[in-house]
Amino acid sequence: MSIFKLKYLDSLLESGYIRVPRKVLNDLYGFNALEQLLANVYLFLFSRSYFATGTVIRDNKQFTCHRGEVICSQEEIAAIFGLSVWKVRDVLNRLKERYLIEVENKMGVSHIGILYYDSIAGKPRQEDAMEGESGKKRQKERETEASNTTFSLKGHILDFMSND
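Residues numbered from 1 in each chain as written. Predicted model: local features only at pLDDT ≥ 70, side-chain atom pairs only at ≥ 80, totals over all residues. Heavy atoms only, no water.

A. Seen up close, the packing of aromatic side chains. Taken as a whole, this structure holds 3 aromatic pairs when the rule is applied. Their ring planes at 45° and their centres at 6.0 Å tell us that Tyr 42 and Phe 46 sit as a pair that is tilted. Residue Tyr 42 and its partner Phe 46 are both found in helix H3 (residues 33-48); the two are separated by 4 residues, about one turn of the helix. Summarising the burial analysis for this pair, Tyr 42 and Phe 46 share the class buried. Relative to Tyr 117, the ring of Phe 46 has its centre 5.1 Å away and its plane inclined at 35°; by these criteria the two rings are tilted. Of the two residues, Phe 46 is situated in helix H3 and Tyr 117 in helix H6 (residues 117-121); the sequence distance between them amounts to 71 residues. For the residue pair Phe 46 and Tyr 117, the accessibility class agrees, reading buried in each case. Within the aromatic cluster, the residues linked to one another by ring pairs are Tyr 42, Phe 46 and Tyr 117. (Phe/Tyr/Trp six-rings, centres within 6.5 Å; stacked < 30°, edge-to-face > 60°. Helix = DSSP H or I, 4+ residues; strand = E, 2+ residues; numbered from the N terminus. Buried < 20%, exposed > 50% of the residue type's maximum accessible area, 1.4 Å probe, protein only.)

B. Summary view of the nonpolar core. Ranked by internal contacts, the top residues of the largest apolar core, which has 27 residues, are Tyr 42, Leu 45, Leu 95, Ile 101 and Ile 112. Elements represented by at least two residues in this core include exactly helix H2 (22-28), H3, strand E3 (69-72), helix H4 (74-81), helix H5 (85-97), strand E5 (109-114) and H6. The dominant element in this core, judged by the number of residues it contributes, is H3, at 9 residues. Within the second largest apolar cluster, 5 residues are counted, among which are Val 56, Phe 63, Ile 71 and Val 109. (Core = buried A, V, L, I, M, F, W, Y, C linked by side-chain atoms within 4.5 Å.)

C. Layout of the packing of H4 against H5. The interhelical angle for the contact between H4 and H5, taken along N-to-C directions, is 100°, at an axis separation of 9 Å. On the basis of the axis angle, H4 is roughly perpendicular to H5. Together, Gln 74, Glu 75, Ile 77 and Ala 78 of H4 and Val 85, Val 88, Arg 89 and Leu 92 of H5 make up the contact between the two elements. (Axes fitted to C-alpha atoms, helices over the stretch in contact; angles between N-to-C directions. Parallel < 35°, antiparallel > 145°, perpendicular 65-115°, else oblique. Contact = heavy atoms within 4.5 Å.)

Here it is, written out as structure tokens:
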């Protein structure tokens with residue numbers, strides 16, 4: 001085995017892991033173009049989300065980013081996927097309608113929270129769960145996750161997260 005292959009394998013094993021619902025992968029590799037796009041953007045946001053609370057500095061502005069949150073601009077997402085900003089807004093709205101994300105625009109950047117992040121990614125250490133506040137929705141989500149491990153919200157099963 002070449003040294004390059006071993007280095008790549010080592011870096012792969014050291015890079016960290018994320019759990020991905022099978023439905024997201026099925027949609028990503030499926031035949032429906034819209035579902036592929038939604039899965040691709042969701043997976044991108046999930047992979048870029050922070051796993052612990054920290055400070056993010058963007059354009060000389062300081063933001064607090066909590067576990068399961070991403071701070072980026074819609075223009076960045078558009079550039080990465082070759083989309084218009086309007087299409088990115090449509091995709092983010094569709095993900096919001098499916099109760100997968102919440103979006104708050106602050107000072108020219110989007111503060112995107114992955115709903116049910118802890119249930120999908122795994123429970124955080126106790127101190128991470130207790131750090132800071134990221135809004136009423138995130139607090140309600142944490143309370144819901146503590147008492148209910150299913151992916152339901154007010155009786156509606158989240159289609160995007162269900163098993164095939």
